[in-house]
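# Geometric and topological summary
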Amino acid sequence: MSQPIPVQITVGNAQDLKTLKSNLLFTVVRVEYNGAVLGESSKTNVLPDGTAEYDFSTSFEYSPDGPNSLDVLVQKPLLLTLLELAAKEKKKTEKVTPVAQAVVDLLPLLQGVRSLKVLAPLYAVPASPSAMFHPKATAGLEVTVSTKELLLSATQFSSGNLLSITLEAAYSVPEAFTPDAQQNYMACLQIPVAGEKELPLLFKNGILKADDEKEPLPRPKNWPLGPILAPDALNIPNSFIVGGPYEDEDGELTKSEDREFRMQAESTRRVVWDTEIRCFLDAAAVAIASASFVPSLQTRIAECRHWPVELCRMTSGGKGKASKVDKRDEDKQIAFHGVAYVNMMHLLCPGVNQIRGAFRVFNYQDSEVFEKTRVQYSIFRDRRSQLSLGKERLGTSPASKAASNKAQKEEKDSSATQYSEAGTFLVMEIKLDRPLVPKRLREELVQRVKELIPPHPALPARTEGAKKVVEDYHKRVTSVAVAILREYHELFGNQLPDQGVMDHKTMEEQKRQLNYELNTSGKYFAFKEQLKYSVVKIVREKYLKTTAFETKEQLQEFLSELYVYLVDHMHMALNKLLSGEDVSPAPPPYTTRKQLLLFAREAEANKDLKLASLFYKQRIARDQRSIQSWLAYGAFCLLYEDATKAQECFQQAVCLDPHHIQSLLLCGIVAVKLQHYEEAEIFFEDACCLEPSSIIAWTLAGLFYELQNNYIQAERSFREAKKLLRAELEEERRLLEAAEGEEKKPSPPSTEPEKIPDGSADKPPEVVEGVTSMEEATAVQEVPEAPEPQPPPCTIFMKTVEFLMKFNAVRFVHKALAHELLSLQGGPTCAYYLALAWTYLLREDFPRCGECLCEAARIDPLNPNVWAQKGHLCYLQKDFDKAKDCYERVISFEEDAADMHFVYLRLGSIYLDEKEYGRAKHIYLLACDNSASCLTWLGVGIACYRLEEMLEAEDALSEANALNNTNAEVWGYLALICLQGGRQLEAEQCYKYTVKLGLQNDALLQEIRAAQHRFGFGDPSL
């Protein structure tokens, strides 16, 4: 057993006592703690300046096993009462009148402090004559509290925790609650401690308030002292109830439909405590809170998330002792015995140290309490002896005890069920000094991400070596070219034919003879050997290839790339040789990264996944440090079931920028797909930590936690996202109102001539939170106009769906849409059905996609995106008539659909198939103006060719070829144009490329061959 430790209290000077009472002369200070009077100072004169010198000392003993234990020290402050001594007339005794009280919090003694010196404010006692007090008293009492040794060691304090529970009020209480002085409204809950022991925390003396204004916010919390002479002294310094939005709470009644009920309840009949009770969760086995407290608290919460908080009304008894019969009756009856179930699981979320919310009060039924909390007893009924209630009685009234058993039972049942009928709920807060589960620090998360995605080592800088070998290659090519030209001159001389032009047949014959001479003489082999070494050096120095290839595909891909590079530089060297001038560097690529992305999506829409992948890779090759290029290719791989490659792309994006939120979120999404859940949690947590204001990051984290069945953490993440969205919408509303206020300011009459209308009045007004400037305008008109369509409510889930659809995260889209369906009060929106239809279209579930689009069209028939999606659905179902109708309707809208490019492409192809070439040309030209691509110019070229506009057709096809020179159909139509124009050499070259690139259009191929037979040229094999 530990030895008691004396706690020394010294009362020093008092200041400004005259502000309490101007004629104050003689005073005494009384010191109390835990209901016991520790002593009084001697009679002290108050000086004219309002000061007094007491120099009074007293003490009490702190002992873990005594009355002043650790829990008492944490819960209760030191109470000091200032007493006035005044002589009574014609009597020798002095009249003692309380003047003011002060309290001193002893908690710092448990926080490693051995001496505490404070100037405690003195609060006036209202019972004194009001005329004698000043409204703003500034009196204070100097108090020093000290111990010879630390009450808790540094290890004990650091390993422990401070638990604070604040009971604010019970709202919407039954009508039977009356402001009777004998009624005491109480609440109690038990905190688990070592083994089977539990510590009861009792809230007494609830104040019943009638219908009036609700309590102000913020308001101070009170000490659990019960009634004292100076009520203001009950306020805990620097501790306030601040409230907050209902949606941010952790309890029940947080939905929008509960808002009106709660606002009404806060200003009607209620019981108010505003009391905070604290207890120290000690890690040493020296007090009630044993060394196993903190882990046992976590275990208890994990085993049973709901903790019971009992509520009842007690009656203060009169003088005399109750009989045994009375005590037995009390055991059977508890007036208005209710219970609230507090969900404590939030405290097991990382970084959470506080929960606050409203909790419904239910009838106390043993079976229901046991089922929800695993608690088999009632504190008020079965363990009343632990509460030290004094004269409070649990029965309803003396009259009820004289009634029959039947009447007693009826009264008990009616009092209990009134909680449910009235909709009673408690508002309380539970707070820990430190979280039970620490949250990972930002530095730790960044380090974990680095471990999951180690930075790729940069390639060694070999620019000088690479430049040198390329220059050497140019020299070798020049040397060989000069030697071949010399051989040519020896064979055919230096003279050019007449007019400087050689016919094709002569040129082919000379070429054949030159090749024969070079091969038979061995010079061809010699020239090849001269180039061989320079090519090997290019492979090693420029491409850094020094090891064997793993597969034939890799070898073939590399050889193709190397061949293109060598031929390009060969042309540069030859041009420099023949022109005698320095050749300018190769021009920049004709296509941009944005165009390559468009080409990739075109190929993806046409189900040419190999070509789409090629365009995505070309986009990355243009700039390997472009994060968006890596993300786009990763999204493509994610959609077509190559999650591992998608993971590599997203991780490469994180390597480029470890703080890029989109990349981190996508890494988390693909980790979920690969079932790497621990990695996914790190990515989501890191994203929320790096950008706490990201609505999408918090929403995706919530969806992930829900996948893990961690519903509490999911709820907290969703709540944070909703909080951010409300702030965002509020800011938008504020800016809109400010802008409207600027517009409404009166302005001097303008002397400028009246401006011609530009049609801006016909534009729909901006919409924010369902309020438009158009609505204000129509409000003052005599004839009301039709109301503008209201926008769908903005939610965290639809914001997240937009992000997920962009990167093809279909699984998370479904989960977000499920939440969206549950969160909307007015039913699904058009945006909801469009997103759901998108998921079905990807899976080629056309019937369900059609159902969703029909619902979307019913909700918003003027939405161009709905009709665009319906057109795509009909097009994929090969119902081209309906598709054409849908696409034509989209084009007729003033507002464009989100994917107008594919609307134009598919509508143009339908017109081509129906031989409406003029309309097809118009649509394809619109597509070129909107976003030009090889396919749009190809469509223009085909339409012009069919209209026999050959010049325009060739120009359009040339544009298509410049954007993508690997499209076989473009070469095929160019071959037809060359055949029509009698250009034999060009027709043959175009046909060669058409065959080499593998034209899949059999009808076009047959048309080309028929034209070749008709004109007699164009096919070299004939």
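Structural data are supplied above this passage.
Residues numbered from 1 in each chain as written. Predicted model: local features only at pLDDT ≥ 70, side-chain atom pairs only at ≥ 80, totals over all residues. Heavy atoms only, no water.

## Thoughts on helix H20 (residues 677–690)
Spacing of three or four residues puts side chains on the same side of an α-helix, whose turn is 3.6 residues. The terminal C-alpha atoms of H20, which comprises 14 residues, lie 20 Å apart, in line with the 20 Å expected from a rise of 1.5 Å per residue. Those residues of H20 that fall on the buried side of the exposure criterion are Ala 680, Ile 682, Phe 683, Phe 684, Glu 685, Asp 686, Ala 687, Cys 688 and Leu 690. Buried residues belonging to H20 abut helix H10 (442–452), helix H19 (661–673), helix H21 (695–707) and helix H25 (810–823). (Helix = DSSP H or I, 4+ residues; strand = E, 2+ residues; numbered from the N terminus. Expected span 1.5 Å × (residues − 1). Buried < 20%, exposed > 50% of the residue type's maximum accessible area, 1.4 Å probe, protein only. Contact = heavy atoms within 4.5 Å.)

## Focus on the pairing of strand E10 (residues 140–147)
Across seven bridges, the pairing between strand E1 (residues 5–15) and E10 is antiparallel. When the bridges of E10 are listed, Ala 14 appears paired with Leu 141. Note: strand E8 (residues 115–121) against E10, seven bridges, orientation antiparallel. Bridge pairing in E10 links Pro 121 to Gly 140. (Pairing = 2+ DSSP bridges.)

## Description of the packing of helix H33 (residues 950–963) against helix H34 (residues 968–981)
Where H33 contacts H34, the two axes come as close as 10 Å, and the packing angle between them is 150 degrees. In terms of orientation, H33 lies roughly antiparallel with respect to H34. Here H33 runs over H34; the crossing is left-handed. Only Val 970, Trp 971, Tyr 973, Leu 974, Ile 977 and Gln 980 of H34 make contact with H33, whose side of the interface consists of Met 950, Ala 953, Glu 954, Leu 957, Ala 960 and Asn 961. Looking at the contact of H33 with H34 residue by residue, the classes come out as nine nonpolar, two polar and one charged. (Axes fitted to C-alpha atoms, helices over the stretch in contact; angles between N-to-C directions. Parallel < 35°, antiparallel > 145°, perpendicular 65-115°, else oblique. Left-handed = near helix turned anticlockwise from the far one by under 90°. Nonpolar A, V, L, I, M, F, W, Y, C, P; charged D, E, K, R; others polar.)

## Digging into helix H12 (residues 504–521)
In a regular helix each residue adds 1.5 Å, so 18 residues correspond to 26 Å; H12 covers 26 Å between its end C-alpha atoms and thus fits that length. Gly 522 lies just past H12 and shows a positive phi near 85 degrees.

## Some remarks on the packing of helix H32 (residues 934–946) against H33
Relative to each other, H32 and H33 sit at 160 degrees, their axes nearing to 8 Å. Taken together, the axes of H32 and H33 lie roughly antiparallel to each other. Taken as a pair, H32 and H33 cross one another with a handedness that is left-handed. Between H32 and H33, the contacting residues are Cys 934, Trp 937, Leu 938, Val 940, Gly 941, Cys 944 and Tyr 945 on the first element and Met 950, Glu 952, Ala 953, Ala 956, Leu 957, Glu 959, Ala 960 and Leu 963 on the second.

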